[in-house]
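Structural overview
What follows is the residue order along each chain.
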Amino acid sequence: MNQTTACPLDCYDACRIVVDENGKLKGDKSHPVTRGYLCPNLNHFTQQNRLLSPQFRGDEISMERAFELLIEVLKNSKNDQILYYRGSGNVSLMQRSCEHFFASIKAVGTSGSLCDGAGEAGVLAGRGSNEVLSPQMIDESEVVIFWGRNPHTTHSHLLPFLEGKTVIVIDPVKTSIAQSADLHIQIKPHCDLQLALLLSRFAIIEGIHDEAFLQEHASEYNDFYELTQSVRIKATLDFIDVSLGQIGAILELMKGKKCAILVGVGVQKYRNGADVLRSIDGFGAIMGLFGKRGCGVSYLGNSLSGIDLPFESLSRRISKPTADFSKYNCVFVQGANPLAQMPNSTGVRHAFASAGFTVYFGLYENETSRSADLVIPAKTFLEKNDFRSSYGDYTLQEMPQIFQSESGISEYELTSRLCNAFGVQWEDESYYLDFFRKQMDVRDGVGYRRNVPEIPYENGFENGEFEFLDTIDADIDDNEGFYLITSKYGQGLNSQFKRAGGVYFHPDAGFDEDAVVQLVSHSCSVEMRVRHDNRLRKDCLLIYSGTPDVNVLTPPHLSYEGESAVYQEIKIKVIKK
Ligand SMILES: Nc1nc2c(c(=O)[nH]1)N[C@H]1C(S)=C(S)[C@@H](COP(=O)(O)OP(=O)(O)OC[C@H]3O[C@@H](n4cnc5c(=O)[nH]c(N)nc54)[C@H](O)[C@@H]3O)O[C@H]1N2
Ligand SMILES: Nc1nc2c(c(=O)[nH]1)N[C@H]1C(S)=C(S)[C@@H](COP(=O)(O)OP(=O)(O)OC[C@H]3O[C@@H](n4cnc5c(=O)[nH]c(N)nc54)[C@H](O)[C@@H]3O)O[C@H]1N2
Ligand code: SF4
Ligand SMILES: [Mo]
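Residues numbered from 1 in each chain as written. Chains lettered and ligands numbered in written order. Predicted model: local features only at pLDDT ≥ 70, side-chain atom pairs only at ≥ 80, totals over all residues. Heavy atoms only, no water.

**Remarks on the side chain of aspartate 28**
To be explicit about the condition: Strands are runs of DSSP state E lasting at least 2 residues, helices are runs of H or I lasting at least 4, and numbering of each runs from the N terminus. Working definition: with a 1.4 Å probe on protein chains only, accessible area under 20% of the residue-type maximum means buried, over 50% means exposed, and in between means partly exposed. Counting rule applied: Lys, Arg positive; Asp, Glu negative; His and chain ends not counted. The rule for a salt bridge is simple: a side-chain nitrogen of Lys or Arg has to be within 4 Å of a carboxyl oxygen of Asp or Glu. Any pair of residues with heavy atoms lying within 4.5 Å of one another is described as a contacting pair.
Counting through the fold element by element, aspartate 28 comes out in the loop between strand 3 (25-27) and helix 1 (40-43). This buried residue, aspartate 28, is left without a salt bridge; arginine 16 holds the nearest opposite charge, at 4.1 Å. Among all residues touching aspartate 28, those that are not within four sequence positions of it are Thr4, Arg16, Ile17, Val18, Thr34, Arg35 and Gly36.

**Some thoughts on the pattern of salt bridges**
Taken as a whole, this structure holds 27 salt bridges when the rule is applied. Ionic pairing is found between glutamate 383 and arginine 50, a salt bridge with its closest N-O pair at 2.7 Å. With glutamate 383 in the loop between strand 16 (374-377) and strand 17 (386-389) and arginine 50 in the loop between helix 1 and strand 4 (55-56), this residue pair connects regions lying 333 residues apart in the sequence. For glutamate 383, a relative accessible area of 4% translates into the label buried. One salt bridge in this structure joins arginine 57 and aspartate 373, with 3.0 Å as the shortest N-O distance.

**Brief notes about the site of ligand 1**
Counted only if it meets this: We call a residue near a molecule or strand when any one of its heavy atoms sits within 4 Å of it. In the analysis that follows, any N or O atom pair within 3.5 Å is treated as a polar contact, provided that within protein one partner can donate a hydrogen and the other can accept it, and provided that, for residues neighboring in sequence, both atoms belong to side chains. Here the Shrake-Rupley method, with its probe set to 1.4 Å, supplies the accessible areas, and only the displayed protein chains count as covering residues. Residue classes follow a fixed rule: Ala, Val, Leu, Ile, Met, Phe, Trp, Tyr, Cys and Pro count as nonpolar, while Asp, Glu, Lys and Arg count as charged, and any other residue, Gly among them, counts as polar.
Taken together, 35 residues sit near ligand 1, with Asp171, Asp192, Tyr270, Gly492 and Asn494 positioned nearest. At a separation of 2.7 Å, an oxygen atom of ligand 1 approaches a polar side-chain atom of tyrosine 270. A total of 910 Å² of accessible area belongs to ligand 1 in isolation, and the protein chains cover 98% of it. Elements with a minimum of two residues in the shell around ligand 1: helix 6 (151-154) and strand 22 (492-493). Tallied by class, residues from the shell around ligand 1 come to 15 nonpolar, 14 polar and six charged.

Any functional reading would require information that these geometric values do not contain.
Right under this line is the structure:
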């Protein structure tokens, strides 16, 4: 008999999956968003290639022995010498059960993000809360703007909802959506703040701003207008590589239309990422896009909003993108591959190797598992009970266990063992599953979170009013080198599944295909093979997320707000070999 579950990968879509009697995964035709299709990541998902047994320094050991070793090192470490580092290999809710144990023994956790933290800080500063437009709400819009977001790769289930709409794309890369869009602005990277300010300024000059909305919900807009006037028009347009005609064209297409601006992580992989999001939100407010059907600015949402968790939460935390593993006697890594995915890989790898004892709890072998003292294999999402919420919509879906398996251990089971060993209060699995099930509101066979807005910001903003950006850092970075674009790869998910390789340049950027070049950033360098891609600007190079060693080039800085990694902050020098 067919069984249904949901995909727990770190992705907007949260697809509903049908598992047939042969164990094959298919999209659920009755789901309003999945509509019968999965993506390449899940179509090729197999139970193979996974870690099958625990290992201690490269030797296979039993699960019993693995727990003896883990418990011993935890008992011999002071609580502030234990670091719990969770990634986003699986974003389901039971992943958080392990945090209950580490919080209870007062270990150190992480705060901030490798992903969307800078942008989120900007959204919160302006709106007070971070709500998304569900695909059903985007369906009602007439104009959709993809701003630093690549839906063919990262949000493919949104594509059918775009039929018949006007599409505008703001992206330095001529992505698939840019190729079919009504208008593509191939902006220079890191110039979105200036573009948003210029759009806001010209919207007001042309009188297409929403005066009534601004009076009621964003009354400081005149100060924001003044701020936009501090931007020198001609010099800025030249620098960001956008023409006045293009600004006019965007506003003309938006005029009087229901418009959704979908912002991705691409715009905020910089230290001022929060201000970038805030300026885009500011433009949304000027156009009166909040609180109306089919309108809004939508970033990656908070998959936990409206959900109560039954687990203890860590009270002590360090910033995730700059976590210094060498300071800890025990580092416990769960669902993550920090040795590939954190910025500044060289520093991270040294620090990990000099930590007292390192544990990797995950599904696949990778840079982190190979360097860890102890490897504990996890169970796949098909082999354990769970729930899945999403940062792209308001679903909350049950993921029942579908297969039995002898290998690996679930997050619930691992936590049970640790809680038992340390006398930490812990309940039966059914208690936690019921806790989540009770928060699910099932409509037409699909589970949703309770207490979520149908129309985000319909009743205004959390702080009473929308708060505009009030100062800008006018510095324009014009250092030598190529802009680094490091975005998502269609055949893999960060460092899971198929991994990309090589560095991509425009064919006219001056490097021959297949040549090996040396790429140099802050203090580190790596060699990569050249690939050509004519979708790129000539001043950019592209290395996909998940490419081995890409993060040797990325800097160990935090965003000014939001404790986020800033992968694209530093330009890259290229040396021919
Ligand atoms: N297939 C696949 N899907 C995924 C993932 C994956 O690895 N593979 N990862 C998942 C995760 S973890 C996340 S966070 C989401 C992210 O989803 P997206 O936000 O769509 O991801 P990115 O590919 O990082 O960036 C999107 C776009 O930003 C553009 N960009 C880069 N720099 C700039 C800039 O300065 N300005 C502007 N305007 N655009 C810029 C890039 O060219 C790219 O097209 O995707 C999720 N989905
Ligand atoms: N250069 C560059 N670097 C980036 C990015 C980029 O765009 N460019 N993107 C950043 C972003 S947005 C993100 S979100 C991060 C992601 O970085 P990470 O959170 O480190 O994610 P992954 O690389 O996907 O590694 C996830 C690991 O989780 C394990 N896993 C999968 N399922 C389970 C499970 O059910 N249980 C357990 N215990 N483990 C499991 C698998 O073994 C897998 O190897 O990378 C960041 N790094
Ligand atoms: S990775 Fe995303 S698009 Fe692919 S099946 Fe999972 S939720 Fe759907
Ligand atoms: Mo992410």
